[in-house]
Amino acid sequence: MQQYFGSFKACSAGFPAKHPFICAVLFIFLMVFALPGCMEQTPDIVTSVAAKEEAAKASGSAEEPDFEEIAEAQRQEEILRLAREEREKLEKERKKKLGDFYVPLPPPERAKSPPIKARGIYLTGHTVGWESRYRNLLEMVKSSELNAMVIDVKNDHGMMSYRSEIPIVNEVGADKSVPVKDMKAVLDELHAGGIFPIARIVVFKDPLLAEQRQDWAIRSKTGGVWRDRKGVAWIDPYEKKVWDYNIAIAREAALLGFSEIQFDYVRFPENARQVEQEAYYQAQNHLAKDEVIREFLIYAREQLKDYHVYLSADVFGVIATSWGDADRIGQTWEEISPCVDYICPMVYPSHYGPGYFGLAVPDAHPGTTVKNALEDSIKRNASLKNPAIIRPWLQNFTASWIKGNIPYGPRQIREQIETAARLGIDEYLLWNANNNYQPEALLTAEEAEEKNREIFNSRMEKGEDVLGRTPSRAVETYLEALQRRDWREAFALQDTDFALDHRSYPAWKESWSLKPVSFQVEQVEEEQRENRGRIPSGVLCRLNVLLAGNGQEFSFEGESWEVKLQNGLWRVTPSPGFLESLCWREETGSP
């Protein structure tokens, strides 16, 4: 079409005067032959043009066709045609490359859901498929502070909740019996009601896949598939095809309308000592367990980037309190948190054994247990450059198997929610395996927002971080940690511009030869606050410190240390001279 207009335009540039007859013929050709063809390909624009003509006739005035508008419609149609061809070509290539793991790309117009502070409950596929029960829970969510649902997509048995179109899922029979007949309709209703849908996908605990693809399973040293104490077979986390299997399911869940993918059992089996005596990993490479889990999450995030979903990972709450991959299950806080949008520690008090946090029965003290567990989580996030948002799983069940347990009713559930809120964590998920929840534990959305606002404003007015520390108190806590050689607390509080990580900081701690024996934080010079109730991002603390050890003393008077608010905590930047003296060596007279 454009070439015809181009010809006519060339003709009009001085040509008519010399060749009026030829120009007339070209114009007639354009109107009779080119324009109808254009109209067939751009019905919307042509309809608009026709409407204008009809309007002009009705008003008694004649209006010439808008040739520029028609040309633009032709150009847009050509762009769309090329885009469709490119998309079809891309999908053919992807289908060939992905094979049995193929899932189509989402529509180009699909956008990411706005982030929310999710407060949700867990639902099995069977609960969603049970109409009357599901409706009651849906009404509870709509009428309370809750705004999210975590729904099983692939459960602990490796079974899907809906009929899948992924070839490999069909082949292994993971969707042969599904409780949800129309998951898309469920998700459309949730979106329409302003409820945030989260897809729970159990990853490496997959007995069905382990039985159907035994070459992908953790193997027994005595032969065959290894099984845990309950007789459950697990998938080998080193096997990349297992990664692709779960990512394919995540892609399909995103296509259906889930706004977030939540990976559960993203770990190796517990009781690692026994597992390592009995089993081996066929696909094992040079990576440590926690590095494998990190690499899986990085890979998943990359593979899901075109699907416009958030990514979260469930982790044992205890990994925030222990250090490194203490239980050898592949979960190290620092390896997981930067790789996801949300990290969801399961801080159920029933998960903590006798003696944790100085409690004989942590389950009997929900507020204290959750407070200590989440404080540890916050400290672990503090040292990371881009940590995930902490969104804890809270206990909504009675752990009757624990000696000394207490019943968990509305008061115990509310206590956990408000304990988290006082630490600046105002989103949470409630877990009950049987999906029995207690609406009496919940506030209305307005009441919850008001409570959280009060907590936030109070903290702002006092200049405190989420642990209730002022800048000066943060400096004192840091120096106290150095006194005790408590490098974990010091690591959380020392701002190193992220140059030291969870591996190098403990090694650096071994070079500490002196320690603070006395100190006094004299004053805090705050930046001028433009708005009342707003904490400045950085302040200066003036202090006097005496370092001593090995017969040596170093006095620092009138020191000025910057204290910055990072990841919710006031973090301290000691002076270079102080850090050098902390590592002083007598034999060299220097650090």
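Scroll up a little and you will see the structure.
What this report covers is the structure whose coordinates are included nearby.

Conventions used here
- Residues numbered from 1 in each chain as written.
- Predicted model: local features only at pLDDT ≥ 70, side-chain atom pairs only at ≥ 80, totals over all residues.
- Heavy atoms only, no water.
- Helix = DSSP H or I, 4+ residues; strand = E, 2+ residues; numbered from the N terminus.
- Buried < 20%, exposed > 50% of the residue type's maximum accessible area, 1.4 Å probe, protein only.
- Contact = heavy atoms within 4.5 Å.
- Areas by Shrake-Rupley, 256 points an atom, 1.4 Å probe, with all protein chains shown as cover.
- Phe/Tyr/Trp six-rings, centres within 6.5 Å; stacked < 30°, edge-to-face > 60°.
- Lys NZ or Arg CZ within 6 Å of the ring centre and 35° of its normal.
- Expected span 1.5 Å × (residues − 1).
- Salt bridge = Lys/Arg side-chain N within 4 Å of Asp/Glu carboxyl O.
- Core = buried A, V, L, I, M, F, W, Y, C linked by side-chain atoms within 4.5 Å.
- Axes fitted to C-alpha atoms, helices over the stretch in contact; angles between N-to-C directions.
- Parallel < 35°, antiparallel > 145°, perpendicular 65-115°, else oblique.
- Left-handed = near helix turned anticlockwise from the far one by under 90°.
- Nonpolar A, V, L, I, M, F, W, Y, C, P; charged D, E, K, R; others polar.

### Things to note about the overall build of the protein
- When its secondary structure is counted, the protein shows 21 helices and 15 strands.
- When each of the 591 residues of the protein is scored for burial, the buried share is 50%.
- Pairs at least 24 residues apart make up 72% of the contacts formed inside the protein by residues separated by at least 6 positions.
- As displayed, the protein offers around 27900 Å² of accessible surface, 51% of which is attributable to carbon and sulfur atoms.

### Some remarks on the packing of aromatic side chains
- Considering all chains together, one arrives at 28 aromatic pairs under this definition.
- When the centroid spacing of 5.6 Å and the interplanar angle of 70° are considered together, the rings of Tyr348 and Phe397 count as edge-to-face. With Tyr348 in the loop between β8 (342–346) and α15 (366–382) and Phe397 in the loop between β10 (393–395) and α16 (410–422), the pair connects residues that are 49 residues apart, well separated along the chain. Here the two residues Tyr348 and Phe397 agree in accessibility, since each one is buried.
- When the ring of Phe556 is compared with that of Phe578, the centres are 5.8 Å apart and the planes differ by 65°; the resulting orientation is edge-to-face. Remark: Phe578 occurs in helix α21 (residues 576–582) and Phe556 occurs in strand β14 (residues 552–566); sequence separation between them is 22 residues.
- On the accessibility criterion, Phe556 (12% relative accessible area) is buried.
- Each residue in the set Trp323, Trp487, Phe491, Tyr505, Trp508 and Trp512 is aromatic and connected to the rest through ring pairs, giving one cluster.
- Directly above the ring of Tyr310 sits Lys112, whose terminal nitrogen or CZ lies 4.4 Å from the centroid.
- The residue whose ring lies beneath Arg213 is Trp216, and the NZ or CZ to ring-centre distance is 5.9 Å.

### Quick word on helix α18 (residues 471–484)
- Helix length check: α18 (14 residues) gives 20 Å between terminal C-alpha atoms against 20 Å at 1.5 Å per residue, within 8%.
- Among the residues making up α18, those that are buried are Pro471, Ala474, Val475, Thr477, Tyr478, Leu479, Ala481 and Leu482.
- Looking one or two places after α18, you find Arg485, whose phi comes out positive at around 55°.

### A closer look at the pattern of salt bridges
- For the structure on display, the rule yields 41 salt bridges.
- Across the salt bridge formed by Glu427 and Arg391, the nearest N and O atoms sit 3.1 Å from each other. Residue Glu427 is located in the loop between α16 and β11 (428–431), and its partner Arg391 is located in the loop between β9 (389–390) and β10; the two are separated by 36 residues in the primary sequence.
- Here Glu427 falls in the buried class, since its relative accessible area comes to 4%.
- Here Arg391 falls in the buried class, since its relative accessible area comes to 0%.

### Quick look at the nonpolar core
- Among the nonpolar cores identified, the biggest contains 129 residues, and Ile121, Met149, Phe204, Ile261 and Phe263 are the most heavily contacted of them.
- When residues in this core are grouped by element, the largest group, 10 residues, is from helix α11 (residues 240–256).
- When sequence neighbours within four positions are dropped, the list of residues in contact with Ile121 reads Leu137, Met140, Val141, Leu146, Ala148, Met149, Val150, Leu430 and Tyr437.
- Leu482, Val539, Trp570 and Phe578 belong to the second largest nonpolar core, which has 28 residues in total.

### What about the packing of helix α7 (residues 131–142) against helix α9 (residues 183–192)?
- Axis separation between α7 and α9 bottoms out at 12 Å; the angle between their running directions is 20°. As far as their axial angle goes, α9 and α7 are roughly parallel. When the axes of α7 and α9 are compared, the crossing they make is right-handed. On the side of α7, the interface is formed by Tyr134, Arg135 and Leu138, while α9 contributes Val186, Glu189 and Leu190.
- Of the residues that constitute the contact of α7 with α9, the class distribution is 4 nonpolar, no polar and 2 charged.

Geometric descriptors of this kind do not, in isolation, establish any biological role.
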